[in-house]
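# What the coordinates show
Spelled out, the chains give:
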Amino acid sequence: MLGHLRQCRANPLCTRRLFHDIRAYKADKRWPGWQVVIGIETHAQIKSRHKLFSDSLTSDLGEPPNRHVSLFDAAFPGTLPRLNQKSVDLALRTALALQCDIPSQSSFDRKHYFYSDLPAGYQITQQYAPLALNGRLTIDVPNIPSFAVRIKQVQLEQDTAKSTFDPRTRTASIDLNRAGTGLMEIVSEPDLRSPEEAGAYVRMLQAVLRAVGSSDGNMEQGSLRCDVNVSVNRIGRPPGTRCEIKNLNSVRFIMAAIIHEVTRQRAILDSASDLETVGVPQETRGFDEHRFETYKLRSKEDAPDYRYMPDPNLGVLRLTQDRISQLRGTLPELPWDTRKRLRGNYGLSERDVEVLLNVDSVREVKLDGEEVEGNSGAVAYFDRLCNEQGTNGRSRDPKVVVNWMTHELLGQLSARKQSFADNQISVQQMGELIDLVQSKVITGTSGKLLLRHMLANPSPLRTQQIAENLQLTALSPFFPSSTGARSTSPTSLQDTKPSPELYGLCLDAINALPSEAAAVKNGNKNVLNKIVGRVMKESRGRADAKSVKALVEELLSVNE
Ligand SMILES: Nc1ncnc2c1ncn2[C@@H]1O[C@H](COP(=O)(O)OP(=O)(O)OP(=O)(O)O)[C@@H](O)[C@H]1O
Ligand SMILES: [Mg+2]
Ligand SMILES: [Mg+2]
């Protein structure tokens, strides 16, 4: 056993859980006899107001170019870096959530290369003594067997500027807004064994980053980018040579790039007559998003020599146990616990849990004010909707709430091309909307209309007020009872009189459709729906179909 462990230490590929490997060998029918080995380097932009080593603000996409640039970001001679402690704390929270060891000291190094988006000619990173080491992320999600991935390290580094090239004018433009923004590079060990595991790993990592509030983790907007390393080997033979596919910005592309890479590498190995000497050449590759193929960027021979050296302008980063314990104490509920709680406490389906967990919202973390603002994401919104007492004095049914949130609120936000972070409807307003529909003050159709209106016209008014202003409150089938209380379920129509508006609409529909009315009188109930449909249309969704049906039937039999 000890011998095996020692051998494992020497070769990280050997430290795999045997059980997991056996499962992967058996399970993957796409490439029988082959093992696929994947390790991912994830770059996540740190959600901090300031850049990593300067006082400039970080920017949002779409801001005018070069708005947030300090002299240091532009690499003016003589300017010096000053480490932003909030970024360090956010990276530490991430590392703690990933169960990493945090050494008491880490340091910064310069990685040199010459490219127009790197003003200093080097990037400050942590090559020799990273912030955190030896973590672990367990992935237990629907549809694939649970597995664990070892995290080799978490390091801090600077993001580059952005360069764009206009082929028409043959000019390159540099935007320094992003230059020097803090990144965490989270490096996995080569523990992933299929494209699906790689996808699930990235999604889980994204959920962790959002839960601890350290990054938006938004792949489309470039705040989360992955370099994916892939190798293949015949089962029982030593691991193959890895190729690194750079800068993938969607889970779909990650999975497609791996599939293409496995096919490509297998073809090279299959064509070799001599198994011992022929291997896949080590390369850095790109991914063509249109052809869904990887392509060569450079070979190992062309790999740049980064001439790493310790950054002489930055001292050692010392971390006390107190600071680490304090941060550990502020860690929020992590995705795997949230998943269990949503399933256990509310009885939500796996699908609904996944939807809530994957909403691209992130907690706001205020570390400086010693306060970590509780949940501000979709899960928290859902929790509050369920736990705060409804306006009708009753607690809300979690399944009704989750339906409103996932189908209506998130659905309408996405139709408006907005994310959950753009939602301006408060928990109180959304709760009241659900209550109004549940207690039949407005119909479901009106509820959806109302929601659409509220998203388009944010307002602090109470939902009931907005519904009344829009005349969306349901047409009560009845006059208020003699006690003055609204009665929506009388025992018999004889006890009450229909409300004048609904009564009028029903009579209009009967008059407009005389042959249908006659058919109903003659016992043809199928035609009733046509009359009811007309009333519903005329009421603009404010009438309740069941009550309308009862009222039309009543009117037609009264007329008999
Ligand atoms: N045989 C292999 N097959 C697939 N992936 C591998 C293999 N060996 C190592 N890897 C993965 O390659 C990645 C190496 O990343 P690391 O940051 O350590 O080095 P790098 O890619 O050389 O440096 P850089 O940060 O400059 O890109 C890790 O995620 C590791 O798990
Ligand atoms: Mg790396
Ligand atoms: Mg790499």
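Residues numbered from 1 in each chain as written. Chains lettered and ligands numbered in written order. Predicted model: local features only at pLDDT ≥ 70, side-chain atom pairs only at ≥ 80, totals over all residues. Heavy atoms only, no water.

## With respect to the overall build of the protein chain
To be explicit about the condition: For the purposes of this entry, the term helix denotes a DSSP run of H or I that reaches at least four residues, the term strand denotes a run of E that reaches at least two, and both are numbered from the N terminus. Only protein chains enter the calculation, and the probe is 1.4 Å; a residue is then buried if its accessible area is under 20% of its type maximum, exposed if over 50%, and partly exposed in between. The contact definition used throughout considers only heavy atoms, calling two residues in contact when any of these lie within 4.5 Å. Each accessible area is a Shrake-Rupley result for a 1.4 Å probe, and residues are judged covered by the shown protein chains and nothing else.
Looking only at helices and strands, the protein chain features 17 helices and 15 strands. Scored against the burial criterion, the 560 residues of the protein chain give a buried share of 48%. For the protein chain, the share of sequence-separated contacts (at least 6 apart) that also reach a separation of at least 24 residues comes to 68%. When the accessible surface of the protein chain is split by element, carbon and sulfur atoms take 50% of a total near 28100 Å².

## Details of the coordination of the magnesium ion (ligand 2)
Convention followed: Note: metal donors comprise N, O and S atoms at 2.8 Å or less from the metal (3.2 Å for Na, K and Ca); water molecules are not included, so apparent gaps in a site are possible.
Donor atoms from the polypeptide that bind the magnesium ion (ligand 2) are Glu41 (OE) and Glu185 (OE), placed at 2.1 Å. A separation of 3.7 Å is found between the magnesium ion (ligand 2) and the magnesium ion (ligand 3), both of which receive a donor from Glu41. Note that Glu41 is positioned in strand E1 (residues 34-45) and Glu185 in strand E9 (residues 182-188), a separation of 144 residues in sequence.

## Some points on the sheet that holds strand E3 (residues 109-112)
Inclusion rule: Strand pairing is assigned whenever DSSP detects at least two bridges linking the two strands.
With respect to topology, three strands assemble into an open sheet ordered E4-E3-E14, the strand pairing being antiparallel. The open sheet has two edge strands with one neighbour each: strand E4 (122-125) and strand E14 (309-310).

## Some points on the sheet that holds strand E5 (residues 132-139)
For the record, the criterion: All axes are obtained by fitting lines to C-alpha atoms, using only the stretch in contact for helices, and the reported angles, taken between N-to-C directions, cover 0 to 180 degrees.
Strands sit in the order E5-E6-E9-E1-E10-E11-E12-E13 across an open sheet of eight strands; the sheet is mixed. In the strand order of this sheet, the two ends are held by E5 and strand E13 (293-299), each with one partner. Put simply, the sheet's adjacent strands are angled 30° from each other on average, direction ignored. Of the strand pairs in this sheet, strand E11 (residues 243-248) and strand E12 (residues 283-288) are connected by two bridges, and their pairing is parallel. Within the sheet, the bridge partner assigned to Ile245 lies in E12 and is Arg285. In this fold helix H5 (residues 251-270) packs onto E1, strand E10 (224-234), E11, E12 and E13, with an angle of close to 30° to the strand it touches most, E10.

## Topic: the site of ligand 1
Operational definition: We call a residue near a molecule or strand whenever a single non-hydrogen atom of that residue lies within 4 Å of it. Residues adjacent in sequence count toward polar contacts only when both atoms are side-chain atoms; beyond that, a polar contact is any pair of N or O atoms within 3.5 Å, and within protein one must be able to donate a hydrogen and the other to accept it. Amino acid classes used here: Ala, Val, Leu, Ile, Met, Phe, Trp, Tyr, Cys and Pro are nonpolar; Asp, Glu, Lys and Arg are charged; the rest, including Gly, are polar.
In the vicinity of ligand 1 there are 18 residues, among which Glu41, Lys152, Ser188, Pro190 and Ser231 approach most closely. At a separation of 2.7 Å, an oxygen atom of ligand 1 approaches a polar backbone atom of Ser188. Between a nitrogen atom of ligand 1 and a main-chain N or O atom of Gly240, the distance comes to 3.5 Å. Expressed as a share of its isolated accessible area of 640 Å², the protein-covered part of ligand 1 is 79%. Among the elements of the structure, E1, E9, E10 and E11 are those that each provide at least two residues to the shell around ligand 1. Classifying every residue of the shell around ligand 1 by side-chain character gives five nonpolar, five polar and eight charged.

## As for the coordination of the magnesium ion (ligand 3)
Inclusion rule: Only two sets of limits are used to name each site, 85 to 135 degrees for every angle of a tetrahedral four-donor site, and over 155 degrees for opposite donors with all other angles from 65 to 115 for a square planar four-donor or octahedral six-donor site, with any other site named irregular.
The magnesium ion (ligand 3) binds to the protein through Glu41 (OE), Glu41 (OE), Glu244 (OE) and Glu244 (OE); the donor distances cover 2.2 to 2.6 Å. Taken together, the six donor atoms coordinating the magnesium ion (ligand 3) and their angles of 53 to 155° define a geometry best described as irregular. You can call Glu41 buried: its relative accessible area is 15%. By relative accessible area, Glu244 is classed as buried at 11%.

## Examining the environment of Lys399
Take Lys399: it is sitting in helix H10 (residues 398-415). The exposure class of Lys399 is partly exposed, given its relative accessible area of 46%. On a C-alpha basis, the gap between Lys399 and Asp352 in space is 9.3 Å, while along the polypeptide they are 47 residues apart. In this view, Lys399 contacts Tyr346 and Gly347; residues no more than four positions away in its chain are not counted.

## Section: helix H4 (residues 195-212)
For clarity, the cut-off: Expected helix span is computed as 1.5 Å times (number of residues minus one).
The end-to-end C-alpha separation of H4 is 26 Å, in line with the 26 Å expected for 18 residues at 1.5 Å each. With 16 of 18 residues buried, H4 lies mostly within the body of the structure. Gly213 sits one or two residues past H4 and shows a positive phi near 75°.

## As for the pairing of E4
Here E4 shows no split at all, with Tyr122 and Ile124 on one side and Gln123 and Thr125 on the other all buried. As paired strands, E3 and E4 are joined by four bridges and run antiparallel to one another. The partner of Arg110 across the bridge, within E4, is Ile124.

## A look at unusual backbone geometry
Phi is positive for Asn247, which is not a glycine, with a value near 60°. Unusually for a residue other than glycine, Lys417 sits at a positive phi of about 60°. Position of Lys417 among the secondary structure elements: in the loop between H10 and helix H11 (427-438).

## Focus on the confidence of the model for the protein chain
The condition that has to hold: Here pLDDT means the predictor's own confidence in every residue, given as a number from 0 to 100.
Model confidence for the protein chain is summarised by a mean pLDDT of 86, while 86% of its residues fall at 70 or above. Across residues 1-25, confidence stays below pLDDT 50; counting only partners more than four residues off in sequence or on other chains, it has 33 contacts. When the criterion is pLDDT under 50, residues 479-496 qualifies, and its contacts beyond four places in sequence or with other chains add up to 18 contacts.

## Focus: the packing of helix H9 (residues 378-387) against H10
For the record, the criterion: Roughly parallel here means an angle under 35 degrees, roughly antiparallel means over 145, roughly perpendicular means 65 to 115, and every remaining angle is called oblique. A crossing counts as left-handed when the near helix is turned anticlockwise from the far one by less than a right angle, and as right-handed when that turn is clockwise.
Packing of H9 against H10 brings their axes to within 9 Å, and their N-to-C directions diverge by 140°. Put simply, H9 runs oblique to H10. Pair H9 / H10 crosses with right-handed handedness. On H10, the residues that touch Ala378, Tyr381, Phe382, Leu385 and Cys386 of H9 are Pro398, Val401, Val402, Met405 and Leu409.

## Section: the pattern of salt bridges
Condition: We define a salt bridge as a contact between a side-chain nitrogen of Lys or Arg and a carboxyl oxygen of Asp or Glu at a distance within 4 Å.
Evaluated as defined, the whole model comprises 28 salt bridges. Here Asp270 ties to Arg234 by a salt bridge, and the two come within 3.3 Å at their closest N and O atoms. In this pair, Asp270 sits in helix H5 while Arg234 sits in strand E10, placing the two residues 36 residues apart along the sequence. Taking relative accessible area as the criterion, Asp270 reaches 47% and is therefore assigned partly exposed. Because the salt bridges share partners, they merge into one network encompassing Asp227, Arg242, Glu244 and Lys246.

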